[in-house]
Structure formats: C-alpha cells, structure tokens
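# What the coordinates show
The residues making up each chain are set out below.
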Amino acid sequence: MRDVRVSADAEALSRAAAREFIDLARQAIAARRRFMVALAGGATPRRIYELLAAPEHRHQVDWTRVEFFWGDERAVPPDHPDSNYGMAAAALLATLDLRPEQIHRIQAERPDRERAARDYQIEIARAFGVSPEGPPPVFDLILLGLGTDGHTASLFPYTDALRERRRHVVSHYVAKLQAERITLTFPIINRASEIRVVVAGAEKAPTLKEVLEGPPDPERLPSQLLDPPAGRLAWLVDRAAAGELALEHCR
Ligand code: 6PG
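Cut-offs used in this document
Residues numbered from 1 in each chain as written. Predicted model: local features only at pLDDT ≥ 70, side-chain atom pairs only at ≥ 80, totals over all residues. Heavy atoms only, no water. Helix = DSSP H or I, 4+ residues; strand = E, 2+ residues; numbered from the N terminus. Buried < 20%, exposed > 50% of the residue type's maximum accessible area, 1.4 Å probe, protein only. Contact = heavy atoms within 4.5 Å. Polar contact = N/O pair within 3.5 Å; in protein donor to acceptor, adjacent residues only side chain to side chain. Phe/Tyr/Trp six-rings, centres within 6.5 Å; stacked < 30°, edge-to-face > 60°. Lys NZ or Arg CZ within 6 Å of the ring centre and 35° of its normal. Pairing = 2+ DSSP bridges. Axes fitted to C-alpha atoms, helices over the stretch in contact; angles between N-to-C directions. Core = buried A, V, L, I, M, F, W, Y, C linked by side-chain atoms within 4.5 Å.

Our focus in this paragraph is unusual backbone geometry. Positioned with a positive phi, Arg33 is a non-glycine residue whose angle comes to about 65°. Considering the arrangement of structural elements, one finds Arg33 in the loop between α1 (10-32) and β2 (35-39). Here Ala153, not a glycine, exhibits a phi torsion of approximately 50°, which is positive. Relative to the helices and strands, Ala153 resides in the loop between β5 (141-144) and β6 (169-174). Assessed through its relative accessible area of 12%, Ala153 is described here as buried.

Below you can see the structure in the form of structure tokens.
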C-alpha cells in the first residue's frame, strides 16, 4: 500500500511537509544528536524552506544539529538562479546562522564534474564517519520532487544513472535538458530512513498516477525505482496532483 498524504492545495502541502521535516528532525536529534537531510531542488520545495525559516517554525528545530546535503545540482555556480543550493540558501539557510561545516554543497560548477561527483561521495562519507567505498550511509531524510517526465533528483528517463549500483553520486549529461547534472543515485537514496516526495499541481497528476498505479516501467518512469527496503517512503501531494489517483492510495 502506497503512503500518499493529500493536502488541499500547494500551501497546505508545504505546511504539511514543513511539519514532517520538523518532526523528523526532532526525532533524529533526540535519538542521535544530529539530523542528516538531503534537500530537493526545483520550484516546489522553496515554500517549504521559507516556512521552516518563518518565526512560527524556526525555533522548533535545534539547527546547530542539522547537516544539509542536496539530492542533485545543476552545473551552475551557487549564486546562479538555477542553483538548487542557491534556492535553499536564500529561502532557509541564510536565516539560520549555520557553521560552514553544516552545509555540504555539491560543487557542480567545477569543470571536472566527474571529480566533483566523486568528491561529493567522499564528503558525504566523511560527514557520516564512514568509508566512501563502503555501503551508502543512511540519511535521516531525503526530500525529493517529481518531474512531469517521472524523474526524481536528476535521475532522468532512459539514462545510465538509473542503473548505477556502485557509486552513490554521479555526474551525467542529460540530453533532454542539454545540460550536465550531478545527482545522488538510487543505492544511496533507497538507503534513507525517510524519503518524502513532494508533488504539487495538476500538471503532475498524470505522471503521479502512472508512477504509483501504472505498470512498472522504471526506465520511462524513474521515480518507480524509489523503494527503500528499510526506510519509509511517503508521497506528499496536493489535491490537484492527486486528481487522477484511485482513492485507496490516499491516507
Ligand atoms: C531539480 C530537482 C528535480 C525536481 C523536479 C520537480 O534539480 O530540478 O532535483 O528533480 O524536484 O524536476 O521540479 P519542480 O518542483 O520545479 O516541479
């Protein structure tokens, strides 16, 4: 049974997602004194990050215990309008007075992106205190979005990155975007304790229905590969995005 949590509209969805972020952060910090979270890029999560930074929420998390990572990044500098880091920094991080070592940015602007991807895998391992050659570390939370083509992070349809089983981070050229991306791979994403995919808007409804209710077709719909064997995957959606789903999915 899929765990699909429907909110009335995009604002209610963002509030519900911010609430889950806070609850998961507090649980992780209480249990392990830290919260290791990979943020999603794109447009949808911006409002979630703004809500986390808002006075009504920001004091509910001990931000000194949070370490921020990203699920993927575009091949642009951190101050570029397309930067996933830049979006989160403006909406949330800049308001939190964090120590530099709490922020693990993907340096996707580097000309040698293969090296940058490898270095990010090493940085993740170092932050978790494990070997970069070992099994992927376990994020407390990985936030993801869903593209209308079924991609998540920068794991796009019909790309070799979907079949990566060894590396935790890869750089690849995405032909449909005519752009390079650096992305976490499914081995590390599916190791997470908690995965939340945030999906808003009617334009996502046909894709969400195919991903959740259609026949398995992961090359065409990579988000179907989200399947954490030991973690929990929940889809946080608004009513517009859920518009084509059979009701039994919706909690
Ligand atoms: C990115 C994201 C990507 C995003 C989806 C949905 O870098 O763009 O990682 O996977 O989550 O494309 O994007 P929207 O939230 O803008 O619809």
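Moving on, we come to the environment of Gln224. The topology assignment puts Gln224 in the loop between α7 (205-213) and β9 (232-238). Those residues within four positions of Gln224 in sequence are excluded, and the remaining contacts are Glu210, Val211, Gly214, Pro215, Pro216, Asp217 and Pro218. In terms of polar contacts, Gln224 uses its side chain to reach the backbone carbonyl oxygen of Val211, at 3.4 Å.

Tracing the sequence through the fold places Arg181 in strand β7 (residues 179-184). Looking at Arg181, the relative accessible area reads 10%, which means it is buried. Put simply, Arg181 and Ser171 are ten residues apart on the chain and 5.7 Å apart in space, counted from C-alpha to C-alpha. One polar contact links Arg181 to Ser154, side chain to side chain, over a distance of 2.7 Å.

This part takes up the packing of aromatic side chains. Applying the stated criterion to the full structure yields seven aromatic pairs. On the basis of an interplanar angle of 85° and a centroid distance of 5.1 Å, the ring pair of Phe69 and Phe139 is categorised as edge-to-face. Of this pair, Phe69 sits in strand β3 (residues 66-70) while Phe139 sits in the loop between α5 (113-128) and β5; the two residues are 70 residues apart in sequence, bridging distant segments of the chain. The structure contains a cluster of three or more aromatic residues connected by ring pairs, namely Phe21, Phe35, Trp63 and Phe68. Lying over the aromatic face of Tyr85, Arg105 brings its terminal NZ or CZ to 5.8 Å of the ring centre.

Here the focus is the sheet that holds β9. Judged by pairing direction, the sheet is parallel, and its six strands sit side by side in the order β1-β9-β8-β5-β2-β3 without closing on themselves. Both edges of this open sheet fall to β1 (4-7) and β3, since each of them pairs with a single strand only. Strand-to-strand twist of the sheet, defined as the mean angle between neighbouring strand axes without regard to direction, takes the value 20°. Sheet topology places β2 next to β5; two bridges connect them, and they run parallel. Bridge pairing in β5 places Ala38 opposite Ile142. Sheet contacts for α5: β2 and β3; angle to β3, the most-contacted strand, approximately 160°.

The next subject is the nonpolar core. Phe68, Phe139 and Trp235 are the most contacted members of the largest nonpolar core, which has 79 residues in total. No other element matches α1, which puts nine residues into this core.

Just distances and angles here, no functional claims.
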